[in-house]
Amino acid sequence: MPSISLQVNGKHVTAEVESRTLLVELLREKLGLTGTHVGCDTSQCGACTVHVDGRSVKSCTMLAVEAEGRAVTTIEGLATDGKLHPMQAAFHELHGLQCGYCTPGMVMSAVDLVARKPDASDEEIRAWLEGNLCRCTGYHNIVRAVRSAAAQSGGR
Amino acid sequence: MARGGIGDSLKRKEDARFLTGRGTYTDDINRPGQAHAAFVRSPHAHARIRAVRTEAARAAPGVVAVLTGADLAADKVGILPAGWLIHSKDGSPMVEPGHPALVADKVRHVGDQVAVVVAETREQARAGAALVEVDYEVLPAAVNLVEAIRPGAPLVHDAARLNTCYDWHLGDKAATDAAFAGAHKVVTLDLVNNRLIPNAMEPRSAIGDHDRVTGDFTLITSSQNPHLIRLLLAAFTMPGTPEHKLRVVAPDVGGGFGSKIFHYAEDFVVLWAARRLGRPVKWTSTRSEAFVTDAHGRDHVTHVELALDRDGKFLGLRERTLANMGAYLSQFAPSVPTYLHSTLLAGCYTTPAIYAEVRAVFTNTVPVDAYRGAGRPEATYLLERIVDVAAREMGIDRVEIRRRNFIRPDQFPYQTPVALQYDSGNYQATLETALRKADWAGFEKRRAEARSRGKLRGIGISTYVEACGIAPSAVVGALGGRVGLWESAQVRVHPTGSVTVFTGAHSHGQGHETTFAQLVADRLGISPDAVEVVHGDTAKSAFAMGTYGSRSLAVGGTAIVKALDKIVTKGKKIAAHLLEAAEGDVEFESGRFVVKGTDRAKTFGEVVLAAYIPHKYPAGLEPGLEEGAVYDPMNFTFPAGCHVCEVEIDPDTGSTRVVAFTAVDDVGTVINPMIVEGQVHGGVTQGIGQALLEGAVYDDDGQLLTGSFLGYTMPRAADVPSYQVATETTACTHNPLGVKGVGEVGAIGSPPAVINAVCDAIGIRHIEMPATPERVWRAIRDARKS
């Protein structure tokens, strides 16, 4: 089995993986980072979205071996020093989650959007989140939360 | 209003773990020594099993066991019972075929489970399952609901002639016939309520464990009602297993919408396999598996007729419906198109005579059961569609015809001709607020503006009443329900004054940990931060029935209130003793026990401490402060409301966009407005999904063509607008909180509002759901031709 080295949530990690192992399987099953969820088997739902080198990636679409030498951030690594990331705080403040299952992927995806386009319109937010399914919230409060977090980021 | 009390949009307690990846869903849990299960499922809709060859699978790497329907039959276990008995018109009981957890003789739908492979890893189990060879004799399948009842159609179950499970009716046929005979106008409509696939985002998952020394079983499962699952396992599926030796835990559950109510085969199989193997066994559904194993929803074919007088007053309503049960009877399936459906046909209206005939039909498709709204969306849809058609054909304004027929506020309690007695409501108020908020009056200007851009804009309205908080157990029993439908609560006040509440309701997105804490905080005058709500574990909470039918607050919340009342009553006794006053002179208010008309008082905390350190204490009173209560409702609750939808259609492509949606609902007393609004947003989105996007499609051979998120169109962020949501409250009269329920209203009121808007935009009488671009484009083309 290939051995790979990568950064996960700022820590150096080495793991033995099969060449067919998906990044999400490495995270959930080998590293115990169960905050990243699996909601489908066709790369449609986005529940498994993480950041690889700062960009959002559906971790079911990437092999673990492809993460060699790269920096992966999961939902567990988003808060710093016990303080919620502004996106997490906005989801809490504006009730952008219900059952919580799509939430980690939704938050990771939204963080990437705000980094790329801090002044995104509601329409652009909705278009960006097309790859993340939520069955509970109807997206209304998720869109509000993303807009609010973007405003707080001060259009950086 | 106190901070965090009833009426405050308190931020949710559960968010902290969900937002940081610390939620614990079933698949996040692993037990020491755990093996993994994968199912061998039928690729055919209908086939006889000639042989199951397991040798290759048994020899595969990591495989520890292969179990089949023959093993199940040998162990005499694994029957999944139906929870509701319906009688046909002629008094005969419904046909109730067995539903085995693993099939030995004949598969009846694509996805039916034939065998299970248990292996060291998930991958090995799946690889092993692929090696099980099943020799099938493929049989013709009964797939289409209308064709399945024709003579000569293939039989799903030999015992069910013409594939009919039951042929039921409700209402006064003679009175309804008479109403139609004397009518000025009769309007008819044929419609389909499309089959939906619930698709909670967390796929189902289950872990079974068995301790051979103690005999204890543990099932961890993504369920909305762990106690119900335990009851069914002990009573039917694993006969001989003592209920006290069976613990069912439903940890964090990622959405349910009804689909996680049911007693599924896999829950039993992991327990059974764990007992046989002496080690924990885990199974997690893939999404593709979920599409062919989670119970589907809706799937009615209906003919409806409305009789009116000259002024547009409704005189009578007739319904004839075929309801798809799928291949087997799922737990509550028989009740959904009957007592949860036809009983709602009065809607908001004074229609004096109603007669419904519902025929339940087996087909070679996935079982159909309750999905968000369960029977009431189907009732609301047929009613609000025929009312729009009647308005169109009689030349009466759509809003005006509804106003003319509304039950007035002074008519409550209102007895409908279809069994229900509505306790409260104000349909005029929700209607007027919705019209105002949606700027109904200004719509024609917006239509004209859209036309100038080449777009067809339409507006639609629907009103509804639904029934929640199921129900008095005696009534449910009389109607064929095989369970009680009460709810329990225990309130444990700790010596230092904080509180743990144990509830039988289960939260899988609803936010009970927050709203139930608010309720306790409000009643006891303490901070919601001092209240912990525990749910989802049969070893912690007392027996109860779980969460579905928007019953958690109306039934479960009332049980909590009853327990809190006992706490306060006992607290008064203690306070009276401490204050040297008569018990009758002590009042409890804002967290203080006060001697009436004086400033002498003890705080809640002082009284609690005295209960646990009873140095100065009433003689004969037990120390401690913990109370339990059970609540069996006196009636259903009746949320109601009005939804207004505006759509814009591109006539060149048929593509339809919902551009505005207003929902004004009466859900009774609101504990947390933020959470109530969120429930409506989600429900409306599922309703828009049903109206425009979603629909399960089977081919003639019974293959599910919409078997993944690639083929089944889920509403995505860009498919829906931001919503305008408001409440108009009339209190429920028969529970102490005045609450009615909010979980399903969005999915009930919205589909007809959307379709009424689409019909208005195109200027047509009817269009079937989902109104896909193709259907809409064809409707526009046909309308232009005629």
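As the structure is a computational prediction, the values presented were derived from the model and not from experiment.

Draft legend 1. Highlighting the overall build of chain A. A tally of regular secondary structure across chain A gives 5 helices and 5 strands. Moving toward the C terminus, one meets the helices and strands of chain A in the order β-β-α-β-β-β-α-α-α-α. By the compact-globule yardstick of 15 Å for 156 residues, chain A fits well, its C-alpha radius of gyration being 15 Å. For the C-alpha atoms alone, the extent of chain A along its principal axes is close to 45 × 30 × 25 Å. Here chain A holds 156 residues, and the buried ones make up 54% of them. Partitioning the contacts of chain A with sequence separation of at least 6, the portion at a separation of at least 24 is 61%.

Draft legend 2. Representation of the overall build of chain B within the structure. Scanning chain B from N- to C-terminus turns up 19 helices and 28 strands. Taking 2.2 N^0.38 as the reference for a compact globule, 786 residues should give roughly 28 Å; the C-alpha atoms of chain B span a radius of gyration of 27 Å, in line with that estimate. For chain B, the C-alpha atoms occupy an extent of roughly 90 × 70 × 55 Å along the three principal directions. Relative to its 786 residues, chain B shows a buried fraction of 60%. The long-range share in chain B, meaning contacts at least 24 apart out of those at least 6 apart in sequence, stands at 80%.

Draft legend 3. Main features of the environment of Ala15 of chain A. Residues and elements named next belong to chain A. Tracing the backbone through its elements, the reader meets Ala15 in strand E2 (residues 11-16). On the basis of neighbour count, Ala15 is assigned to the partly exposed category, with 18 C-beta atoms found within 10 Å. Between the C-alpha atoms of Ala15 and Pro2, which are 13 residues apart in sequence, the distance is 8.4 Å. When neighbours within four sequence positions are excluded, Ala15 is seen to be in contact with Ile4, Leu26 and Lys30.

Draft legend 4. Structural detail: the interface of chain B and chain A. Opposite the 42 residues of chain B that make contact, chain A presents 43 residues. Of all elements in the fold, only helix H1 (15-19), helix H8 (287-293) and helix H17 (673-693) of chain B reach the threshold of two or more residues within the side of chain B that touches chain A. No other element matches H17 of chain B, which puts 7 residues into the side of chain B that touches chain A.

Draft legend 5. Just the sheet that holds strand E27 (residues 656-666) of chain B, in detail. Residues and elements named next belong to chain B. Spatially, E18-E26-E27-E28 is the arrangement adopted by the 4 strands of the open sheet, whose pairing is mixed. Of all the strands in the sheet, the pair left with one neighbour each is strand E18 (456-465) and strand E28 (724-727). Sheet twist, expressed as the mean angle between neighbouring strand axes with direction ignored, is 10°.

Draft legend 6. Up close: the environment of Leu129 of chain A. Tracing the backbone through its elements, the reader meets Leu129 of chain A in the loop between helix H4 (122-128) and helix H5 (140-152). The class of Leu129 of chain A is buried, set by 23 C-beta atoms lying within 10 Å. Separated by 23 residues in the primary sequence, Leu129 of chain A and Met106 of chain A have C-alpha atoms spaced 7.5 Å apart. Among residues more than four places away in sequence, those in contact with Leu129 of chain A are Ser109 and Ile142 of chain A together with Ala717 of chain B.

Draft legend 7. Spotlight on the confidence of the model for chain B. When pLDDT is averaged along chain B, the result is 97, and 100% of the positions lie at 70 or above. Scored as a whole, the predicted complex attains pTM 0.98, and scored at its interfaces, ipTM 0.98.

Draft legend 8. Quick look at unusual backbone geometry. All names here are of chain B. A cis amide bond links Phe412 with the next residue in sequence, Pro413, at an omega value of -5°. Summarising the element assignment, Pro413 is placed in the loop between helix H10 (398-405) and strand E16 (414-415). In the segment running from Met769 into Pro770, the intervening peptide bond is cis, with an omega of -10°. With respect to the helices, strands and loops of the structure, Pro770 is situated in the loop between helix H18 (745-762) and helix H19 (773-785). Notably, Arg298 is not glycine yet its phi reads approximately 65°, a positive angle. With respect to the helices and strands, Arg298 occurs in strand E13 (residues 297-308).

Draft legend 9. Fine view of helix H2 (residues 86-93) of chain A. Listed as buried for H2 of chain A are Met87, Gln88, Ala90 and Phe91 of chain A. Taken around the axis of H2 of chain A, the buried residues stretch over an arc of 160°, which confines them to a single face. Here the buried face of H2 of chain A lies against helix H3 (103-116) and H5 of chain A together with H1 of chain B. His95 of chain A occupies a position one or two residues after H2 of chain A and carries a positive phi of about 55°.

Draft legend 10. How the structure looks around the sheet that holds strand E3 (residues 49-52) of chain A. All names here are of chain A. Pairing is mixed across the open sheet formed by 5 strands, whose spatial order is E2-E1-E5-E3-E4. If you trace the sheet from one side to the other, it starts and ends with E2 and strand E4 (55-58), each paired once. The average angle at which neighbouring strand axes cross in this sheet is 40°, direction not considered. Two strands pair when backbone bridges link them, and strand E1 (residues 3-8) and strand E5 (residues 71-73) are joined in this way by 2 bridges, in the parallel orientation. Across the sheet, the residue bridging to Gln7 is Ala71, located in E5. Lying over the sheet, H3 contacts E3 and E4, oriented at roughly 40° with respect to E3.

Draft legend 11. Focus on the packing of H2 of chain A against H3 of chain A. Residues and elements named next belong to chain A. Here H2 crosses H3 at 125°, and the two axes come no closer than 9 Å. With respect to H3, the axis of H2 lies oblique. The element H2 and its partner H3 pack so that their crossing is right-handed. Mapping the contact onto sequence places Met87, Gln88 and Phe91 in H2 and Thr103, Val107, Ala110, Val111 and Val114 in H3. Per-class residue counts for the contact of H2 with H3 are 6 nonpolar, 2 polar and no charged.

Draft legend 12. Spotlight on the environment of Ala731 of chain B. All names here are of chain B. Turning to its location among the elements, Ala731 is positioned in the loop between E28 and H18. Its 15 C-beta neighbours within 10 Å are what place Ala731 among the partly exposed residues. When the C-alpha atoms of Ala731 and Thr669 are compared, they prove to be 5.9 Å apart, with 62 residues separating the residues in sequence. The residues contacting Ala731, other than those within four sequence positions of it, are Ser424, Gly668, Thr669 and Gly738.

Draft legend 13. Region of interest: the packing of helix H14 (residues 512-524) of chain B against helix H15 (residues 552-579) of chain B. Residue and element names in this part refer to chain B. For the pair H14 and H15, interaxial distance at closest approach is 11 Å and the crossing angle is 35°. The chirality of how H14 crosses H15 is right-handed. Residues His512, Thr515, Phe516, Leu519, Val520, Arg523 and Leu524 of H14 touch H15, and the partners they reach there are Ser552, Leu553, Gly557, Ile560, Val561 and Leu564. By residue class, the composition of the contact of H14 with H15 is 8 nonpolar, 4 polar and 1 charged.

Draft legend 14. Structural context of the pairing of strand E15 (residues 353-362) of chain B. All names here are of chain B. For E15, the buried fraction is high: 9 of the 10 residues fall into the buried class. One ladder, built from 7 bridges, connects strand E7 (residues 164-171) with E15; its direction is antiparallel. Looking at E15, one finds that Asp167 is bridged to Arg359.

Draft legend 15. Just the nonpolar core, in detail. All names here are of chain B. If you look at the biggest cluster of nonpolar residues, it comprises 301 residues, and the most contacted ones within it are Val117, Ala273, Val520, Ile560, Val754 and Val758. With 12 residues, H15 is the single largest residue contributor to this core. Excluding anything up to four places from it in sequence, Val520 contacts Val499, Val501, Val531, Ile560 and Leu564.

Draft legend 16. Region of interest: the pairing of strand E14 (residues 314-326) of chain B. All names here are of chain B. Counting buried positions over the 13 residues of E14 gives 12, a clear majority of the element. Where E13 and E14 come together, 9 bridges link them in antiparallel fashion. Each residue of the ladder has a partner; that of Glu305, found in E14, is Arg318. Between E13 and E14, which pair antiparallel in sequence order, lie 5 residues; one of them, Gly312, sits at a positive phi of approximately 85°. Pairing analysis gives 10 bridges linking E14 to E15, with the strands arranged parallel.

Draft legend 17. Expanded view of helix H9 (residues 376-394) of chain B. Residues and elements named next belong to chain B. Taking 1.5 Å per residue as the helical rise, H9 with its 19 residues ought to reach 27 Å, and the 27 Å between its terminal C-alpha atoms agrees with that figure. By the criterion of burial, H9 is predominantly enclosed, with 16 of the 19 residues buried. Looking one or two residues past H9, Gly395 carries a phi angle of roughly 70°, positive in sign.

Criteria and thresholds
Residues numbered from 1 in each chain as written. Chains lettered and ligands numbered in written order. Predicted model: local features only at pLDDT ≥ 70, side-chain atom pairs only at ≥ 80, totals over all residues. Helix = DSSP H or I, 4+ residues; strand = E, 2+ residues; numbered from the N terminus. Rg over C-alpha atoms; globule rule 2.2 N^0.38 Å. Buried ≥ 20, exposed ≤ 12 C-beta atoms within 10 Å, placed from the backbone. Contact = placed C-beta atoms within 7 Å. Pairing = 2+ DSSP bridges. Axes fitted to C-alpha atoms, helices over the stretch in contact; angles between N-to-C directions. pLDDT = per-residue confidence, 0-100. Arc of directions from axis to C-beta. Parallel < 35°, antiparallel > 145°, perpendicular 65-115°, else oblique. Left-handed = near helix turned anticlockwise from the far one by under 90°. Nonpolar A, V, L, I, M, F, W, Y, C, P; charged D, E, K, R; others polar. Core = buried A, V, L, I, M, F, W, Y, C linked by C-beta atoms within 7 Å. Expected span 1.5 Å × (residues − 1).

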